[in-house]
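Single-letter residue listing:
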Amino acid sequence: MKNKRFVFRISGLLLLSFTLCRQSEGQNRLILHPELAKDTIQKEIYGHFAEHLGRCIYGGIYVGENSPIPNIRGFRTDVIQALKDMDIPVLRWPGGCFADTYHWKDGIGPRAERPSIINVHWGGVTEDNSFGTHEFLDFCELIGAEPYVNINVGSGLVREASEWVEYITSENDSPMTRLRLQNGRDKPWNVKYFGIGNETWGCGGNMSPEYYADVYRQFASFCFGADYLIASGANAGDARWTEVLMEKTQYHQWMTQGLSLHYYTVPGESWSQKGSAIQFNEKDWHATLKKTLRMEQLIIKHSEIMDKFDPDRNVGLIVDEWGNWHDVEPGTNPGFLYQQNTLRDAMTAAVNLNIFNRHCERVKMANIAQMVNVLQAVILTRDDQLVLTPTYYVFKMYRIHQGALMIPVTVESEDYILDGDTIPSMHASASSKDGVVNITLCNLNPGKPISVEIEYSELDFIPADGSIIHGETMNDHNDFGQPEALNIQPFALPQPIRSPYVIELPAKSVVLVRLTVGG
Ligand code: AHR
């Protein structure tokens, strides 16, 4: 059993073959195929999501101008800096389920005059609308991210949507642009991405795909000024949703640039038994990774359906909610979805990002849920303190893939078997930019280092540098008032180049290898 090996071959033609072959133990191979490289990894694959949920917006991003916490116009200075250091390309807002309860005119004008609403989905707390359209778009400008605005379809009107797009994007003199000017903004904002509803199969209206496809076409018809419209897509493996949406919008592709997909990794047996973010054993680790690897099957499945209606791949698959969903931290509001973040979360983030890279011919954007203090957050805050999570460091390490040319890879990996359940030990993706090849590799096995032979047949290269994220235990995490347990460390690469070029991946590690081509 030990010498059974996985072989994944990924080509630019979306070919994935799964082969089992027999080779001696410990010879993991990563074969790069620069001759097949043709697709760019859109930087938006490294996107984020911020919902009016728990302490994501209030406390996490926005504390108000009068807060003792250092801020710029009410936005936390420490959070702005951390996000800029990570190169955040795009930010989705205001939800999530919240989006389909949100009426944008409640969130403009003098703050003291903005009406309050109840945040019915997330703890029933009062939402005072002090963070609205101007604040969101101001924040995006501060952090250098493209905004992605999710429009209310479930409880909103077509006119409301149409006016919101006009308010944000129009340069003409109109009732909406005059209102914008009255609220202090003359020029339109540069907003490309608009989503038409969220999870319209669930919290966004419990619609059938047939009904929603018509509603989508109606809303999209009146969003003049929106360049990139994203339809609310499937929940995980719901192939029928994608089939119906693609079929019913196939003659309206001029108004459909993206179709979303939501898939969360829920480590436990069920949504009511998700399991602790921190206290888990190897069985939970293995199960979490196995469920995360399902993302690749989902992308392949939905892409195949999309290919039938859109063979030229004009419509992007937008994975605008993904990540680990654990139990909330004990003692916190169950409606706030606050969870800690360990090396396990770093590993699943790395695996998901490798998958998105490898399928960048169809995946044009992805948004981890969520940016601060909610679900698999990259940043946790408590009062004036801030923690960068292991997931943050994966995004920071992987940012070199943004806008790079994806290099297809063949991954030959030994098995990582636990209680008879098998996943590969090694996971990887590669890209090139400015004469440097960037390879990101994971050793999913928490108990065993692995040797990986890197094969890059066509070109000469010299090792540029390497870096690593790994910890002593699977449960390592960063916490308030403690020195960081996990961050990015230098990783010494073997020199000089010998054929075969072999690197040793420590157990439970995420590694970046950078090779200079033609050296
Ligand atoms: O991210 C939390 C919630 O998960 C979102 O509001 C919703 O879209 C999804 O079900």
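Structural notes, computed from the coordinates. Every chain is numbered independently, its residues counted from 1 as its sequence is written. Since the coordinates come from a predicted model, pLDDT governs what is reported: local features require at least 70, and pairs of side-chain atoms require 80 or more to be given and counted, while whole-chain, interface and lining totals use all residues. Processing note: side-chain calculations cover all non-hydrogen atoms of the structure and skip hydrogens and water entirely.

1. Details of the state of the cysteines
No. 1: Pairs of cysteine sulfur atoms within 2.5 Å are what we label disulfides. Evaluated as defined, the whole model comprises one disulfide.
No. 2: One disulfide bridge connects Cys97 with Cys203, the sulfur atoms lying 2.2 Å from each other. Because the torsion about its S-S bond is -90 degrees, the bridge between Cys97 and Cys203 counts as left-handed. Here Cys97 is found in the loop between strand 7 (90-93) and strand 8 (117-119), whereas its partner Cys203 is found in the loop between strand 11 (193-196) and helix 5 (209-221), with 106 residues between them in sequence.
No. 3: By relative accessible area, Cys97 is classed as buried at 11%.
No. 4: The buried label applies to any residue whose accessible area, calculated with a 1.4 Å probe on protein chains only, is under 20% of its type's maximum; exposed applies above 50%, and partly exposed to all values in between. Classification of Cys203 as partly exposed rests on a relative accessible area of 26%. Only DSSP runs of H or I covering at least 4 residues are called helices, and only runs of E covering at least 2 are called strands; the numbering of each starts at the N terminus.

2. Focus: the pairing of strand 19 (residues 409-418)
Every regular strand shows the same layout, with side chains that alternate between the two sheet faces.
No. 1: Counting buried positions over the 10 residues of strand 19 gives nine, a clear majority of the element.
No. 2: For two strands to count as paired, DSSP must find a minimum of two bridges between them. One ladder, built from four bridges, connects strand 3 (residues 28-32) with strand 19; its direction is antiparallel. Across the sheet, Leu32 pairs through a bridge with Val409, a residue of strand 19.
No. 3: Summarising the sheet, strand 19 and strand 20 (residues 421-424) pair through four bridges and their orientation is antiparallel. When the bridges of strand 20 are listed, Tyr416 appears paired with Ile423.
No. 4: In textbook terms, the turn of a hairpin is the stretch between consecutive antiparallel strands, and for strand 19 and strand 20 this stretch comprises two residues, one of which, Asp419, has a positive phi near 50 degrees.

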